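Observations on the three-dimensional arrangement
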Amino acid sequence: MEQPLDLVIIGQGLAGSVLALSAQKRGMRTHVIDNNYSRSASMVAAGMWNPVSFRRIIPVWRADETMETLETWYPEMEAELEASFYHPKPVIRVFPNEAYAVLWQQRTEEGMPWVAYPESLPAGVKAPFGAGVVRRAGFVHIPRFIAATRKRLEQQNHFTQAEFKEEEVETEGELLRVNGRLTKRLVIATGTSALQLEAFRELPLRTNKGEVLDVESDVLPRDVTMNNGKWLLPYHDKVYKLGASYEWQRSDEEPTDEVKAALLEKAAAMLDVPLKVTAHRAGLRPTVKDRRALVGPLKMRGWYSFNGLGTRGVLIAPYLAEKLLDGFEREDRGEAHGIDGEISTDRYLSS
Ligand SMILES: Cc1cc2nc3c(=O)[nH]c(=O)nc-3n(C[C@H](O)[C@H](O)[C@H](O)COP(=O)(O)OP(=O)(O)OC[C@H]3O[C@@H](n4cnc5c(N)ncnc54)[C@H](O)[C@@H]3O)c2cc1C
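Residues numbered from 1 in each chain as written. Predicted model: local features only at pLDDT ≥ 70, side-chain atom pairs only at ≥ 80, totals over all residues. Heavy atoms only, no water.

1. What to know about the domain arrangement of the protein chain
Interfaces are frequently sized by the accessible area removed from exposure as the parts join. The line we're drawing: The split into domains, and so the bounds of each, comes from an automatic or database assignment of domains. Whether two residues are in contact is decided by their heavy atoms, any of which lying within 4.5 Å being enough. When two components associate, each loses some accessible surface as probed by a 1.4 Å sphere; the sum of these losses over both components is called the buried area. One side-chain nitrogen of Lys or Arg within 4 Å of one carboxyl oxygen of Asp or Glu is enough to make a salt bridge. Whenever two N or O atoms come within 3.5 Å, that pair is a polar contact, provided that in protein one can donate a hydrogen and the other can accept it, and provided that, for residues adjacent in sequence, both atoms are side-chain atoms.
Its domain assignment divides the protein chain into domain 1 (5-43 + 143-204 + 290-349) and domain 2 (88-136 + 206-288). Centre-to-centre, using C-alpha coordinates, domain 1 lies 31 Å away from domain 2. If you look at the interface, domain 1 gives 20 residues, while domain 2 gives 15 residues. Across the domain 1/domain 2 interface, buried area totals approximately 1,400 Å², and carbon plus sulfur atoms make up 58% of it. Taken together, the connections running from domain 1 to domain 2 amount to one salt bridge. Ionic pairing is found between Arg39 and Glu254, a salt bridge with its closest N-O pair at 3.4 Å. Run the count over domain 1 and domain 2 and you get seven residue pairs in polar contact (both at pLDDT 80 or more).

2. Section: unusual backbone geometry
Backbone phi values are negative for most residues with the exception of glycine, while trans is the configuration of most peptide bonds. To keep it simple, the criterion reads: Helix and strand definitions follow DSSP, with helices as H or I runs of at least four residues and strands as E runs of at least two, each counted in order from the N terminus. Here's how the labels work: a residue is buried when its accessible area is under 20% of the maximum for its type, exposed when over 50%, partly exposed in between, all with a 1.4 Å probe on protein chains only.
Here the residue pair Gly243 and Ala244 is connected by a cis peptide bond, since its omega of -15° sits within 30 degrees of zero. For Ala244, the location among the structural elements is in the loop between strand S18 (239-243) and helix H6 (257-270). You will see that Asn36, though not glycine, has its phi angle at about 65°, which is positive. Mapped onto the fold, Asn36 is located in the loop between strand S2 (30-34) and helix H2 (41-44). You will see that Glu82, though not glycine, has its phi angle at about 50°, which is positive. With relative accessibility at 73%, the residue Glu82 sits in the exposed group.

3. Considering the nonpolar core
Under the convention used in this document: By nonpolar core we mean a set of buried residues, namely Ala, Val, Leu, Ile, Met, Phe, Trp, Tyr and Cys, connected to one another through side-chain atoms within 4.5 Å.
Core analysis: the largest hydrophobic core is formed by 62 residues, its most contacted members being Tyr74, Phe306 and Leu320. Secondary-structure elements contributing two or more residues to this core are strand S1 (5-10), helix H1 (14-25), helix H3 (63-81), helix H4 (98-109), helix H5 (142-155), strand S21 (303-307) and helix H7 (313-332). Broken down by element, this core gets its largest block of residues, ten residues, from H7. Inspection of this core shows a minimum of three residues originating in each of domain 1 (5-43 + 143-204 + 290-349) and domain 2 (88-136 + 206-288). When near neighbours in sequence (up to four residues on either side) are disregarded, Phe306 contacts Ala15, Leu19, Val187, Ile188, Ala189, Leu294, Val295, Ala317, Leu320, Ala321 and Leu324. Counting 21 residues, the second-largest nonpolar core is a separate cluster that includes Leu5, Ile10, Val169 and Phe200.

This is the structure:
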């Protein structure tokens, strides 16, 4: 008799990759389907994490828990996949004005973890109001992480390159047949492409367009990320990522000259160094009205969402994957999924 899978995941961006590896760690039989879209958010993103929101200098959502998971999960996966993609790197925050410098000082005096002062500033950096540092920050090279995950899934015969069409999913008793495979559960992790699915019609998923430049420099520091509202991240070899823009009104994926000029202007305010632009990309972040992810069941039995990772996908994905998989295990024991109301799809679908 055909043995059903535990999980078919649609989408192998950051979300689908993290979920697939986390599910396999729990021994769940998992298959992933992806259409190989080269301009997905994950292929454009810089992949940074940072537990501090620089706007008000406060910890980001669930900073302690998400950081704890991140700092063990990615290194474990590097070892597991025999690949390199996890790069801790402090971020130096150049203060925009005196009031911000005072607030930073206040946060350090209040004992807020994460925020401190750098011992020195790299040569060529302009910081008339001073600068702070967050040492426990860094980036995941997402395209390399996805490629390493893909390689592993292909070796296991657990990956199919195909276009998912929701109307082709069939129900067979308590199970689903997806792309010829029988499964207990189907998880949609297709980022903003999910907006085209009937299954997401009642969910407030929306796009936030972002643009990033690749720039080159022989002289800028490689050991820290610089941030003055826009960031300059040492990426690989001589390449730095300079970004990003945030636009709610636009849902196209075309890079624009206006954003390129604005990013370079902001970088010039922080750096006395010429930058050579070598690439310019745009992508759509999958975001949600209340800025929390969409994790949990969809309306159809056996269908689930792992989406809405927003602007901080790298930091929250491993933590959220654990929440979804815990929910599956509770359901398998005959209990309610119990996924936290702040992230659960139930907050929009329960009526
Ligand atoms: C400019 C920019 C900068 C960013 N910087 C950062 C950052 O520094 N740090 C950070 O944490 N986050 C950052 N983000 C956000 C981050 O990119 C997202 O949170 C994350 O990548 C979303 O991943 P995802 O897997 O949900 O979606 P996606 O990356 O969009 O992946 C969806 C996947 O589904 C596949 N797919 C879609 N439709 C189908 C279909 N019908 N059939 C089969 N497969 C399908 C696609 O090919 C793709 O592989 C940035 C985003 C942008 C745009």
